[in-house]
Amino acid sequence: MLCWILISLFVGFLNAQENPMVIYAQIGGTVTLPRVKVEENENNVYVNWYRGSENTPTIMKNPQSGIQRAKDVKTHANLLPDFSLQISPVQHSDYEIWRCEQHVLRTTSEKTYKLYNVTIPKVPAVMAGDSLSLECKADSSPVKPTVTWIPPQNSDCDPRQYNTKTLPSFPISYASVKCHSGVWTCKLEYDGRETEAKTTVFIIELSPFPDTIFTSSSSSTVDIPCSLSSNIPWSVLKEFGLRGGNWSFTPLSYPNSTQSLLELSMDPVVSWSIPQGADNKVKAEKRELKDQDLSIRNLPVSENVRGVYTCDLIFNTKKLSRKVTVEVLKISSSGGSRVYDGQSVNLTCTLGHQHSSDLEVKWSCSSCSFISSLKPPHPSSLSIPEVKLKDSGKLTCELWKNGKKLTSAVLSLRIVKAPVDIWLCVAISGGVVGFILLLVIVIICIRRHRQMMMYRRRKTKFCCCNNPQQNQKGFYKT
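The name given to the protein chain in an unreviewed UniProt entry is CD4-1 molecule, with the source organism recorded as Cyprinus carpio.

> I tried to follow the pairing of strand S29 (residues 359-364) on my own but got confused; where do I start?
Within a regular beta strand, the side chains point alternately toward one face of the sheet and then the other, so they alternate between its two faces. On S29, burial follows the alternation: Leu359, Val361 and Trp363 on one face are buried, whereas Glu360, Lys362 and Ser364 on the facing-out side are not. The pairing of S29 with strand S31 (residues 393-401) spans six bridges and is classified as antiparallel. Looking across to S31, one finds that tryptophan 363 is bridged to cysteine 397.

> Can you walk me through the state of the cysteines in this structure?
Working definition: the covalent bond between the sulfur atoms of two cysteines is a disulfide. The final tally for this structure, using the stated rule, is four disulfides. Note on cysteine connectivity: cysteine 136 is disulfide-linked to cysteine 186, with sulfurs 1.9 Å apart. The disulfide joining cysteine 136 to cysteine 186 has a torsion of about -85° about its S-S bond and is therefore left-handed. Pair noted here: cysteine 136 is in the loop between strand S11 (132-135) and strand S12 (137-138) and cysteine 186 is in strand S15 (residues 182-190), with a separation of 50 residues, a long-range link. The buried category is assigned to cysteine 136, whose relative accessible area is 1%. For cysteine 186, a relative accessible area of 0% translates into the label buried. Residue pairing for cysteine 226: its cysteine sulfur links by disulfide to cysteine 311, the two sulfurs lying 2.2 Å apart. Taking the sign of the S-S torsion, -70° for the link of cysteine 226 and cysteine 311, the bridge is left-handed.

Conventions adopted
Residue indices begin from 1 for each chain and proceed along its sequence in written order. This being a predicted model, a pLDDT of at least 70 is required before a residue's local features are given, and a value of 80 or more before pairs of side-chain atoms are given or counted; all residues contribute to the totals for chains, interfaces and linings. Hydrogens and water molecules were not included; the side-chain quantities draw on all heavy atoms of the structure. Relative accessibility thresholds used throughout: buried, under 20% of the residue-type maximum; exposed, over 50%; partly exposed, between the two (1.4 Å probe, protein chains only). In this text, helices come from DSSP runs of H or I with a minimum length of four residues, and strands from runs of E with a minimum of two, each type numbered from the N-terminal end. Being paired, for any two strands, means DSSP has found at least two bridges between them. Two cysteine sulfur atoms make up a disulfide if the distance between them is within 2.5 Å.

Given below as structure tokens:
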């Protein structure tokens, strides 16, 4: 009985020596065939690595000449510092038996390895909310590997829910960007060794962003956000059935009027382009799209940009859409930015419409006397009966929500002395001159009248005689 036990152990030992070591590898990946040490002093060891039944070593290590490669043999195999064989990238032709021969003086040892393929079939891109299935396929071998699925790094989901020891597939009923988008790893464990196969899962979805963007007339430009939730190549999107996309704009003042701002052009490069014949007051810039960012960049700020912006991506079976409202804060002055000393002024800080109750206005001005007297909550409109020269300065209106400042607008208020009206001066001067001329004329008329009266009084009187003398005619002095 003891003899039979010894014989069976010896036969098992021989079989173990003859059976190649099982190594799994993924096409395009990297695999290492570990060398078994046969001598403490590695400098005295000759190491020859052979592919299949070839008699010429693919690569070798000679203590005298170092590492050598077979002539006229193209290889992607290299020796590591411990003279193990590393193959990268793994190709279809590598899935066969490899031999490692080692010579130390007159002693020769040989170890064989057999490469087996492990692969994850390509997972097509899916929309968020759709189902998908991951499958890890391993070639049949003398060992039975166990599988553990490793989710993408920085995933918000619990990795423990993906641990499974079964082959061949792992279904996901509801795909989400947070949990499932990224690089998945299938880890095989067998005979104390590990092999990892990887694949990338693309989940198509537009990133969430705030429903409302607040800016002000004091800003020069504003960006309208829109982007894919993950960095998906445009080739994958086209493969999935991307047909186009667009940006549209609906003014707050005209909710029934929608304008097309940009269209998605996919040839020769993916870019936002301006629609032909478009003549919009909102001037969006065309630009090339190099990543998942679909935003409108550097949109000039004015009251005209108040409205709802819609970002659309159109596929064969579905349309992804995101909306964002742009609000523009502005300070208006009834007298403009230049006001005269003593003039009454109405100041208004507004979004162009009545703002919601959860929004709060805060006025500030270091030099304005009428601001210091305000008590919270500040009104959106201020009525100043009389401004003074010392009130000149930068007037700031801030918009707050739940203790957070959303945006602010600035108005440079300039108070100047009221100028004298030149036409009023001309009119007054003209009236004075006219009055003086009229007075002179009256005086002249009065004097002439008096002179005439005096002249008449001094004139000699003549009369006709009742008994005229003969031969004398005319009038006589009396």
